[in-house]
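So you can see what is in the structure, the chains are spelled out below.
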Amino acid sequence: QVQLVESGGGLVQAGESLRLSCVASGNIFSLNSINAMGWYRQAPGKQREVVATITSGGTTNYADSVKGRFVISEDNAKNTVYLQMNSLKPEDTAVYFCCATMTIRSYWGQGTQVTVSS
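Since the model is a prediction, treat every value here as computed from it, not as a measurement.

*Asks:* I tried to follow the environment of A52 on my own but got confused; where do I start?
*Replies:* If you trace the backbone, A52 turns up in strand β5 (residues 49–55). Residues A52 and A63, spaced eleven residues apart in sequence, show a C-alpha to C-alpha distance of 6.3 Å. Setting aside residues no more than four positions away along its own chain, A52 makes contact with M37, G38, W39, N61, Y62, I72 and L83.

*Asks:* Would you explain the sheet that holds strand β8 (residues 80–85) in this entry?
*Replies:* Across a sheet, strands are paired by hydrogen bonds formed along the backbone, either parallel or antiparallel in direction. With respect to topology, four strands assemble into an open sheet ordered β1-β3-β8-β7, the strand pairing being antiparallel. Looking at the sheet topology across the chains shown, the edges are occupied by β1 (2–7) and β7 (70–75). Direction aside, the axes of adjacent strands within the sheet are offset by 15° on average. Pairing analysis gives six bridges linking β7 to β8, with the strands arranged antiparallel. Within β8, the residue paired with D75 across the bridge is T80.

Parameters and conventions
Sequence order as written defines residue numbering, which begins from 1 separately in each chain. Thresholds applied to this predicted model are a pLDDT of at least 70 for local features of residues and 80 or more for the giving and counting of side-chain atom pairs; totals over whole chains, interfaces and linings are not thresholded and use all residues. Hydrogen atoms and water are omitted, and side-chain values are computed over all heavy atoms in the structure. Only DSSP runs of H or I reaching four residues or more are called helices, and only runs of E reaching two or more are called strands; each is numbered from the N terminus. Working rule for contacts: check all heavy atoms of both residues, and any pair within 4.5 Å makes them a contact. Pairing between strands is defined by DSSP: at least two bridges between the two strands are required. Comment: axis = line fitted to C-alpha atoms, over the contacting stretch for helices; angle = value between 0 and 180 degrees taken between N-to-C directions.

Here is the structure:
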C-alpha cells in the first residue's frame with residue numbers, strides 16, 4: 001500500500017511562486033512498484049485535469065497551460081515529488097492532487113489548495 005501526503009499550498013499573489021511536495025510512504029516493495037507520479041488539479045466547477053507527470057524513467061510531461069512555468073521533479077531518496085510553480089496566475093487556482101500510478105491501480109493524496117489572487 002502507498003500513502004500520499006501533499007503540502008505546500010497556500011494563498012499567493014499573481015506572479016509569485018509556490019512549491020508543492022508529495023511524500024509517498026509505504027513498504028519499500030510498493031514504493032518500488034510505482035510507475036509514474038503526477039500532479040492534477042481541480043478548480044471549482046471544473047473537471048480534474050493533469051498538470052504534470054513524471055515516469056520512473058524520468059520522462060516528464062506538462063499541460064500546455066503550465067509549460068514553461070511549472071517544473072515537476074523527484075527526490076527518490078526522500079520518496080518525494082515536487083511541483084515548482086512559478087509565475088502563478090489566478091487561473092492556476094485549484095486543489096492540487098498528487099497521484100502515484102502502479103501497474104494495477106493508482107493512489108491519490110488528499111489535495112492541497114492553491115489560491116492565486118490578482
